[in-house]
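# Per-entry structural report
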Amino acid sequence: MHIMEGYLPVTHCIAWAAASAPFVILGARRITRVVREHPEVKLLLAASGAYVFILSALKMPSVTGSCSHPTGTGLAASLFGPTVTTVLSAIVLLFQALLLAHGGLTTLGANIFSMGIVGPFVAYGLFHGLKSAGLGAAIAIFFAATLGDLSTYVVTSFQLAFAFPDPASGIAGAAAKFLGVFAITQVPLAISEGLLTVVVWNLLNKYSKGEIATLAILSRRAA
Amino acid sequence: MMKRNLLLLLAVIVLAVGPLLIHGRDGAEFTGSDDQAEAMITQIQPDYQRWAVPIWEPPSGEIESLLFALQAAIGAGLLGYYFGRRRAQSEAKGGSAPNALQDAVH
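### A short note on unusual backbone geometry
Look at Ala101 of chain A: it is not a glycine, yet its phi comes out positive at around 50°. As for its placement among the helices and strands, Ala101 of chain A is situated in the loop between α4 (82-99) and α5 (108-132). When the 19 C-beta atoms within 10 Å are taken as the criterion, Ala101 of chain A is described as partly exposed. Its identity is not glycine, yet Phe30 of chain B carries a phi of approximately 50°, on the positive side. Residue position: Phe30 of chain B is located in the loop between α1 (2-22) and α2 (33-44).

Structural data, given as structure tokens:
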């Protein structure tokens, strides 16, 4: 889902960076506040970031005969909220842009928007929405992680379609083409991410009840 | 819980190995979707001029996989440290340490 260095027109790069910047700032402030008020969740925050690190490094084969990687953002978004996850994603995207030539600095804003903002907001909304609709937390986090992952790739497809509309069929036609590349490939990977996130959730429920309770209170107070 | 987690992990393995079996003989190349998107851009707009290149690129595929493995290893190390620590704490609090075998059965 990483749009590569130099593969978005300058105006698009600036626009996506401007759209993403406020979320990074909000997230950084929220992290500072959460860590100051509840230092006991600091290690879980690091572990959630570590989960993004692991999953976004795993390039997995898909039914389409091509490879892609999950995002790993659904866990952090469900636990800490979406803007905290924006910061974690930005760190991973920066690591990959600088050391792996994967993604890029010019496209960082666009990539933060898909992986660090839309995906986490979808995951956060689904996790808390499905839970208040009466579903179990494990089922809720499965859908949160799976659809958060998928939505990131849908956003990337549209970002590319806006930048490169098809000469004949326009933005919609280009979106269909990019969705054909990204979205279908991503379906089994997104399900894998959902399943793995349930595994981590189960472990958290067993060993980290105190932190989960603290975070549940936090998330009721502010998104 | 451990049994359920093992089943979930098994499902992930099936999802990862399945595509390799499905495309076992049709010559699928399993290239990255990012590269395919790049090819799609060139197809839609052949005259697009890439205006920036990465500051540094891994000199070979091996170095690239080294760095990807490093990324996953950092993450896995930290996650493993977290759960190891929490497990030790919950055992210390709970008095008698539940052993791994019991965990696997329940």
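### Description of the nonpolar core
Across soluble globular proteins, nonpolar side chains have a tendency to be buried as a group. Judged by nonpolar contacts, the single largest core of 83 residues is most densely connected at Tyr51, Ile54, Ala76, Ala123, Ile141, Leu160 and Phe178 of chain A. Here this core takes 15 residues from helix α7 (residues 170-207) of chain A, the largest share from any one element. Among all residues touching Leu160 of chain A, those that are not within four sequence positions of it are Ile3 and Phe178 of chain A together with Ala37 and Ile41 of chain B.

### Overview of the interface of chain B and chain A
Contact with chain B, which involves 50 residues of that partner, is made by 53 residues of chain A. Elements supplying a minimum of two residues to the side of chain B that touches chain A: α1, α2 and α3 (61-93) of chain B. If you tally residues by element for the side of chain B that touches chain A, the top one is α3 of chain B, at 15 residues. Each residue belonging to the side of chain B that touches chain A can be placed in one class, and the counts come to 32 nonpolar, ten polar and eight charged.

### Re the confidence of the model for chain B
Mean pLDDT over chain B: 89, with 89% of residues reaching 70 or higher. Scoring of the predicted complex yields 0.93 for pTM and 0.93 for ipTM.

### Section: the packing of α7 of chain A against α2 of chain B
At a minimum axis distance of 10 Å, the contact between α7 of chain A and α2 of chain B shows a crossing angle of 170°. With respect to α2 of chain B, the axis of α7 of chain A lies roughly antiparallel. Along its contact with α7 of chain A, which presents Ala174, Lys177, Phe178, Val181, Phe182 and Thr185 of chain A, the element α2 of chain B presents Ser33, Gln36, Ala37, Met40 and Ile44 of chain B. Along the lines of polarity and charge, the residues of the contact of α7 of chain A with α2 of chain B split into seven nonpolar, three polar and one charged.

### Structural notes on helix α2 (residues 42-55) of chain A
In an α-helix there are 3.6 residues to a turn, and that puts residues three or four apart on one side. With 14 residues, α2 of chain A ought to run about 20 Å at 1.5 Å a step, and its terminal C-alpha atoms sit 20 Å apart, in line with that. The element α2 of chain A is extensively covered by neighbouring structure, given that eleven of its 14 residues are classed as buried.

### Concerning the packing of α2 of chain A against helix α3 (residues 73-80) of chain A
All names here are of chain A. Close contact between α2 and α3 brings their axes to 7 Å; oriented N to C, the two are set at 155°. Our classification of the angle between α2 and α3 gives roughly antiparallel. Contacts between α2 and α3 pair Leu44, Leu45, Ser48, Gly49, Tyr51 and Val52 from the former with Thr73, Leu75, Ala76, Leu79 and Phe80 from the latter. A breakdown of the residues in the contact of α2 with α3 according to their chemical character gives eight nonpolar, three polar and no charged.

### Observations regarding the environment of Pro46 of chain B
Residue and element names in this part refer to chain B. Inspection of the secondary structure puts Pro46 in the loop between α2 and α3. What makes Pro46 exposed here is the crowd of 7 C-beta atoms within 10 Å. For the pair Pro46 and Leu21, spaced 25 residues apart in the sequence, the C-alpha separation amounts to 35 Å.

What counts, and at which threshold
Residues numbered from 1 in each chain as written. Chains lettered and ligands numbered in written order. Predicted model: local features only at pLDDT ≥ 70, side-chain atom pairs only at ≥ 80, totals over all residues. Helix = DSSP H or I, 4+ residues; strand = E, 2+ residues; numbered from the N terminus. Buried ≥ 20, exposed ≤ 12 C-beta atoms within 10 Å, placed from the backbone. Core = buried A, V, L, I, M, F, W, Y, C linked by C-beta atoms within 7 Å. Contact = placed C-beta atoms within 7 Å. Nonpolar A, V, L, I, M, F, W, Y, C, P; charged D, E, K, R; others polar. pLDDT = per-residue confidence, 0-100. Axes fitted to C-alpha atoms, helices over the stretch in contact; angles between N-to-C directions. Parallel < 35°, antiparallel > 145°, perpendicular 65-115°, else oblique. Expected span 1.5 Å × (residues − 1).

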